[in-house]
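Residue-level structure breakdown
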Amino acid sequence: MAEKVIKKEKVANTGSGWHKFKAATGATFSKLSKAFLLPIALLPIAGVFLGVGATIANETAEGSFIWFLGKTMNTMGDVAFGNLPILFAISVAIAYTEDSGVAAITAVVGFLVLNGIQKALIVETDDGSYNMLWWKSIPAGLITANVGITSLNTGIFAAIFVGAIVAFMYNKFHKTQLPQFISFFSGSKLVPIMTFFAVIPLSFIFLFIWPPIGLGLEWFGTNSGKLPVGLDSLVYEIIERSLVPFGLHHVFYAPLWWTSAGGSIIDTLSKNPDYMLESGIKASEALTEILALEDKSLLIGDQYMMYWVMSGDNKWLTFTDLQNMGLNLGRFQSGKFGFMLLGLPAAGVAMWLNVPKENRRNVMGIYFSAAFTCFLTGITEPIEFTFLFLAPWLFYGVHMPLASISFMLTGLMKVHVSMTVSGGFIDFVVFGLVPMKLGTNWFHVLWIAAIMSPAYFFAFYFAVKFGNVKVPGREDGAVELYTKADVKAKKGGNAASNTKLEDQITKATKIIEYLGGESNITAVDSCASRLRLTVVDGTKVNKDGIMSLGGCTGIIIKGTSVHVVYGGEQEVIKPHMREILAQQRAAK
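Residues numbered from 1 in each chain as written. Predicted model: local features only at pLDDT ≥ 70, side-chain atom pairs only at ≥ 80, totals over all residues. Heavy atoms only, no water.

With respect to the overall build of the protein
For the protein, the helix and strand inventory stands at 23 helices and 9 strands. Among the 588 residues that make up the protein, the fraction classed as buried is 51%. In the protein, once contacts between residues fewer than 6 apart in sequence are set aside, the share between residues at least 24 apart is 73%. Of the roughly 26,100 Å² that the protein leaves accessible, carbon and sulfur atoms contribute 66%. (Helix = DSSP H or I, 4+ residues; strand = E, 2+ residues; numbered from the N terminus. Buried < 20%, exposed > 50% of the residue type's maximum accessible area, 1.4 Å probe, protein only. Contact = heavy atoms within 4.5 Å. Areas by Shrake-Rupley, 256 points an atom, 1.4 Å probe, with all protein chains shown as cover.)

Section: unusual backbone geometry
For Leu133, which is not glycine, the phi torsion reads 50 degrees and is therefore positive. Phi is positive for Val229, close to 45 degrees, though the residue is something other than glycine. For Val229, the position within the fold is in the loop between helix H7 (190–224) and helix H8 (231–243).

Some words on the packing of aromatic side chains
Applying the stated criterion across every chain, the model contains 31 aromatic pairs. When the centroid spacing of 5.1 Å and the interplanar angle of 80 degrees are considered together, the rings of Trp352 and Phe368 count as edge-to-face. Here Trp352 is found in helix H14 (residues 336–353), whereas its partner Phe368 is found in helix H15 (residues 357–377), with 16 residues between them in sequence. Judged by relative accessible area, which is 13%, Trp352 ranks as buried. Linked through ring pairs, Phe457, Phe458, Tyr461, Phe462 and Phe466 together constitute an aromatic cluster. Over the ring of Phe184 we find Lys189, and its NZ or CZ is 5.1 Å from the ring centre. Just above the ring of Trp352 sits the side chain of Arg360; from NZ or CZ to the centre is 5.8 Å. (Phe/Tyr/Trp six-rings, centres within 6.5 Å; stacked < 30°, edge-to-face > 60°. Lys NZ or Arg CZ within 6 Å of the ring centre and 35° of its normal.)

What about the nonpolar core?
The biggest cluster of nonpolar side chains holds 128 residues, and the ones touching the most others in it are Trp258, Ile265, Ile290, Trp308, Leu317, Leu394 and Tyr456. Examining the composition of this core, we find that 10 residues originate from one element, H14, more than from any other. Both domain 1 (25–218) and domain 2 (227–482) contribute no fewer than three residues apiece to this core. Sequence-distant contacts of Tyr456, defined by excluding residues within four places in its chain, comprise Phe339, Gly343, Leu344, Ala346, Ala347, His399, Leu402 and Ala403. (Core = buried A, V, L, I, M, F, W, Y, C linked by side-chain atoms within 4.5 Å. Domains from an automatic or database assignment.)

Focus on helix H6 (residues 157–173)
Between the first and last C-alpha of H6 there are 25 Å, a value that for 17 residues agrees with the 24 Å anticipated at 1.5 Å per step. Listed as buried for H6 are Ala158, Ala159, Ile160, Val162, Gly163, Val166, Ala167, Met169, Tyr170 and Phe173. (Expected span 1.5 Å × (residues − 1).)

Concerning the confidence of the model for the protein
Mean pLDDT over the protein: 84, with 89% of residues reaching 70 or higher. Helix H20 (residues 484–492) is the least confidently modelled element of the protein, averaging 42 in pLDDT, while helix H13 (residues 319–324) averages 95, the highest of any element. Ignoring residues within four places in sequence, the model shows residues 1–14, a span with pLDDT below 50, making 0 contacts including any to other chains. Here residues 477–497 scores under 50 on pLDDT; set against residues more than four positions off or in separate chains, the count is 13 contacts. (pLDDT = per-residue confidence, 0-100.)

Quick look at the structure:
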């Protein structure tokens, strides 16, 4: 009997340890996903400048005012994408150190040191390849200029590790007191010094292992594109959409967008040397010109490559050229337009039509504004999270399969329309219509979207109706669209502003209380639509209490990671929560 008790205790302890591991892992990846959002937030404006600027420069006389304007816009966007790795290093460091400026500066130091060590050990050969330590004849595609330093083309991978090391060093040493004779270097000044030495082994680790890893990712990027009938795009979207509710989709698509896992232009050209390009030269001649470029960072990864083709640096290739040589650019992006433009908006209309007639007018603004936002910008969370939290089976059983079919169709039809972080009408115009001469195949988006619209409408209409999903407006009673504070704000000017500020502080205070109090909260952050929190014990979170405060469309609790979906209000709540927590801890 005693032996059975001991065995049960061991099982319980194992389960507890596994549960803690899952919770810690989930919280870590949640923060990493949040870190990705900071540089990603730059991509929409950078992408617009790059795409529009390149088109203006290509369609106007060289040396004219309009040409210089286009060239300037294009270069501004190009520089942003070309330096994405160092931005990731900074963002990761910030995400794990509560927005520390010292960590951000240290990340720059760490990134420079890492690449500087590699530069000293890389030697270019006469045939255009590179030697490095015992590695011989490294393909030119694995070497690039990172912030002007010739080093390994690791995409964002090395940058993420640099940011993680910086965060570790900051959290460990930023409060360290050194002996009196070197006390000047205590605290935050010690962080960059420790990081300087810590990235040395990291640099050598990448020198040792990256050449085969880079070639392996390149092989995957090339061969995954050989799957028939757009299966690569279908599988991609099944995984990506499944991760959206947990905010981890950024971690998944990053390697496919910004590393050789998404393919390589250099690899494609080298395997098709005799192919005659639309520019009138052979692929081998274009390859020679491209290999002479100092910065090759944008020649890998699905999104990177698309932006490079549209940039002023490209004078030789079109999307059609690369498609005919086996590189289907946009296979991990273009599918979003099918369900962003008309699919999800149609789902919003279908949900609205399930609302009793007497309530439809009250909630019309909620549904149609969300539908229009999705159509215009590709921001889906107001619609997606409505049915995700009310009936998760709608998300996984209806929305995810339809979205995946949209991706499969665009992959099958070789659609080459890029995007920033969404797939709305603005992106469609900038990356589909404006550069259409490069062979974007934009017209396929229209009929795919036309198919997705009725598919989403009827699927959601009948699913909501017969599944008795209580979408907003179907519940009994009136639907309130405005709070008392909103009415006062409209009437009372400054007094109302003060009232609104007081309401915001009160709300932030109550959220802290419903999260289990100050002692249960370890981190407060936000992303595009969510308040991202890390707690000590997720079981102490009062979901109903937070929902009762209003404005929240859903809450996800995964171990110690808590996501509260607001859609915009979180940017106001976050600073209030941080101030209140600081005051509560100071009072202790």
